[in-house]
Structures are given as C-alpha cells and as structure tokens.
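# Notes for the structure review
For reference, the chains in residue letters:
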Amino acid sequence: MADYTAKRETGDGAESEPVSHRVKRTKADDGAGRKDAGKEPECTNILQGFKTSRVLSDSAREKNIFIHGKLADEEAVVILEKTPIREDTLADLLSASVLKLEMKNDIYSTYRLQAPPQFNEIKTTVVCPATEKHVKKYQRQESFLVEETGEDYQSITLPYLQQHNFSVQWVYNILEKKAEADRIVYEDPDPNVGFVLLPDFKWDQKQVDDLYLIAIAHCRDIKSLRDLKSEHLPLLKNIFQKGKEAIMQRYHIPANKLRVYLHYQPSYYHLHVHFTKLGYEAPGCSVERAHLLSDVIQNLQCDPQYYRTRTLYFPLKAEDGLLREFKETGRL
Ligand code: DD3
C-alpha cells in the first residue's frame, strides 16, 4: 500500500492532563480538529485523480460511503465518513457558520448550517493498490452464519488461510516502528507477552465517545483465537491488564467502560485485541463476531484446548472465498 500519510514531527505532550469527554489536543492541533494547522502536512489532493468505478456500499445512518475506483492506474478503495460534532468546537461552529432557513412552522424551524471548512472535514481512508479482497470486503453483501468445528478449522479454514497468506505487512510496520510510531499509546516490548497499543485508524481520536484502540501482540505465531492455548494466558492477561491501565492513564476511561474483545474470524491473522468504549456500537462488536477477552481467558483456564476443539460460529459475506470453501466441502 502506498504511503500517503506524511509523518508528523510532534508527539503528544504531557500525559496526565485531565480529559473530560474529549481527547486532549496534540501540540500541533488547532482545536478545530486540524493537525498542524496553518502548515498542513499534505496539501496535494491525490483524490483529484481518482476515477470512481462504483459505490460499494453506503449508509445514511453511519454517514459513510465506500467507493471503488482507480488512482493513477491502480485499483483503489476510498472510504469517506462524516465525523461526530464535537462539543468543544460548538461555540465557534455556531458563531462562524452561515445559517440558511429551510422552513418555519409554529415553534419549529429547520436550517442548513454551512460550517467553515475546518468544522466540515470528512475522514478519508485510501487503500491503494486495493486487492479484489478489499473490494469485496466493502461491497454490500448478505451474510451467512457459518458453524466451524475444530475439524472444519483444520481441514477447511486453515488450508484456505495458508493458500491465500494474507499480508499483515501493515501490522509488522507498526511492531517495527516503520509506521504509526507516533501514534503508539503504550508498548510492552517483551517478545512473548508484549504488545503495542494504538488507536485503530477507524477512530479519529477527536472524542472519546467512539474510542477504539487495538493491542497488537509482538509474538507473530498466533493467527487467531483458534491458535490460543493456555500457554498464551500470560500474554492475554498482560494485554488485558496493561491495556486497560494505559487507556485509563491516557483517556481517563475506567475498565468498566470498556469492551475488550477478539474477533473470529478476524480481519487480519495476527493476534490483536480490540478496546472500544461501552455505548459505542463499534463495527464488529456484535455477538456473532466478538469474543470478550475475559471469557477467552476463563475458557482457556478451564480447558487449555478450548479454542482448538470448540465449534465456533461466525458470519461470512456471500462473496467471501472462505464461504465458498465451506459450501464446496458440503458444510453449508
Ligand atoms: C484494514 C483492518 C486493516 C483496509 C482497511 C483496513 N488501524 C488497518 C492498516 C493500518 C489499520 C488499523 C485493512 C490497516 Cl480500510 C484493509 O486496518 C492500520 N492502522 N485498523 C491502524 N492504526
């Protein structure tokens, strides 16, 4: 994937300043949500050359759109998403905008508020060059619940993963500090029980309401929940404990406000744990995909082979190659 993100020079300042519901600003943040205000790190709009081929999906409720197209002759997926309105920018937003009346009726009136550009930003994610798998991932599709026994994993899922050997280069870049090093919130460098905690890029970090961090294990031989054995309990407990502590320190969110879980199937086959804020319905936090880390730990304590032997259930999209494998083997 091409690197379109300019590296920022500044890290975060003091770590113990109190935060209410909003995330503290970085030195270079002007308070309107712009980093490096006045000297935007990247001014050239690479999306000017984007040729849309089709909309993969969109959601009026989530206020996002997933677009497939071409960027300089390469396949690309572009994700656009409107961000939440921030309480700390309200005063400026209300005073600096143009207000156009739409209708008035009794005590009710509606308007179109035209906000200054800095309050009107759209979070944009670019995947380029995008593979067929990326394109399919964001295509609106029907889902089917798959029942995977321990044997199914060995005979269907594992061979499928080995054949396709999906790249986790971006994960290694994070672990090796080749990318996103300035975004790391906490690191335990131990090769066996260590991990890196950083914001998932779905989270713009402007407000803690939709807090979303990921803990990525340093250890590279655990693909997913299925590989977890009781020998990994120290790693899991370490991620759980230190992850919660680091989030309390940095964001002042206590453990009882956090949803800490793993995905099965995960979107990338390198052990990672999701930390999201309770009350925020993060994508993938529903029962058919999420496994609470506390449950995972307890299950492994009761049965060291739990995740190797149990039948696990998960949704797959109609176009998913793995679903095809389950169908062809007559397991669906
Ligand atoms: C991904 C799941 C993966 C497309 C898209 C997202 N957080 C990431 C690269 C860097 C990151 C993530 C794969 C990919 Cl839109 C294909 O997510 C990432 N960095 N979730 C962070 N911090």
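Everything below is about the structure shown above.
I will try to describe carefully the structure that is included in this document. Worth saying up front: this structure is predicted, and the values here are computed from it rather than measured. (Residues numbered from 1 in each chain as written. Predicted model: local features only at pLDDT ≥ 70, side-chain atom pairs only at ≥ 80, totals over all residues. Heavy atoms only, no water.)

In the vicinity of the ligand, the residues found are Ile79, Val127, His134, Tyr138, Trp170, Glu180, Arg183, Pro199, Asp200, Phe201, Ile214 and Tyr268. Glu180 places a side-chain nitrogen or oxygen 2.7 Å from a nitrogen atom of the ligand. Between the ligand and Arg183, the relevant distance is 3.4 Å, taken from a nitrogen atom to a side-chain nitrogen or oxygen of the residue. If the ligand stood free it would expose 490 Å²; the protein chains cover 89% of that surface. Tallied by class, residues from the shell around the ligand come to eight nonpolar, one polar and three charged. (Near = heavy atom within 4 Å. Polar contact = N/O pair within 3.5 Å; in protein donor to acceptor, adjacent residues only side chain to side chain. Areas by Shrake-Rupley, 256 points an atom, 1.4 Å probe, with all protein chains shown as cover. Nonpolar A, V, L, I, M, F, W, Y, C, P; charged D, E, K, R; others polar.)

It is worth spelling out the sheet that holds strand S3 (residues 74–82) at this point. Reading across from one edge, S1-S2-S3-S6 is the order of the four strands in this open sheet, with antiparallel pairing throughout. A single partner strand is all that each edge strand has here, and the edge strands are strand S1 (50–59) and strand S6 (122–127). Averaged over neighbouring strand pairs, the angle between their axes works out to 20 degrees when direction is ignored. (Pairing = 2+ DSSP bridges. Helix = DSSP H or I, 4+ residues; strand = E, 2+ residues; numbered from the N terminus. Axes fitted to C-alpha atoms, helices over the stretch in contact; angles between N-to-C directions.)

With an omega dihedral of 0 degrees, the bond running from Cys128 to Pro129 counts as a cis peptide bond. Among the secondary structure elements, Pro129 is positioned in the loop between S6 and helix H2 (132–138). Here the residue pair Tyr264 and Gln265 is connected by a cis peptide bond, since its omega of -10 degrees sits within 30 degrees of zero. Turning to its location among the elements, Gln265 is positioned in the loop between strand S11 (258–263) and strand S12 (272–277). One non-glycine residue with positive phi stands out, namely Asp73, at about 70 degrees. By the secondary structure assignment, Asp73 is in the loop between strand S2 (64–71) and S3. On the accessibility criterion, Asp73 (72% relative accessible area) is exposed. Of note, His252 is a non-glycine position whose phi angle comes to about 60 degrees, a positive value. Within the fold, His252 resides in the loop between helix H5 (233–251) and S11. Look at His252 and you get partly exposed, because its relative accessible area is 30%. (Buried < 20%, exposed > 50% of the residue type's maximum accessible area, 1.4 Å probe, protein only.)

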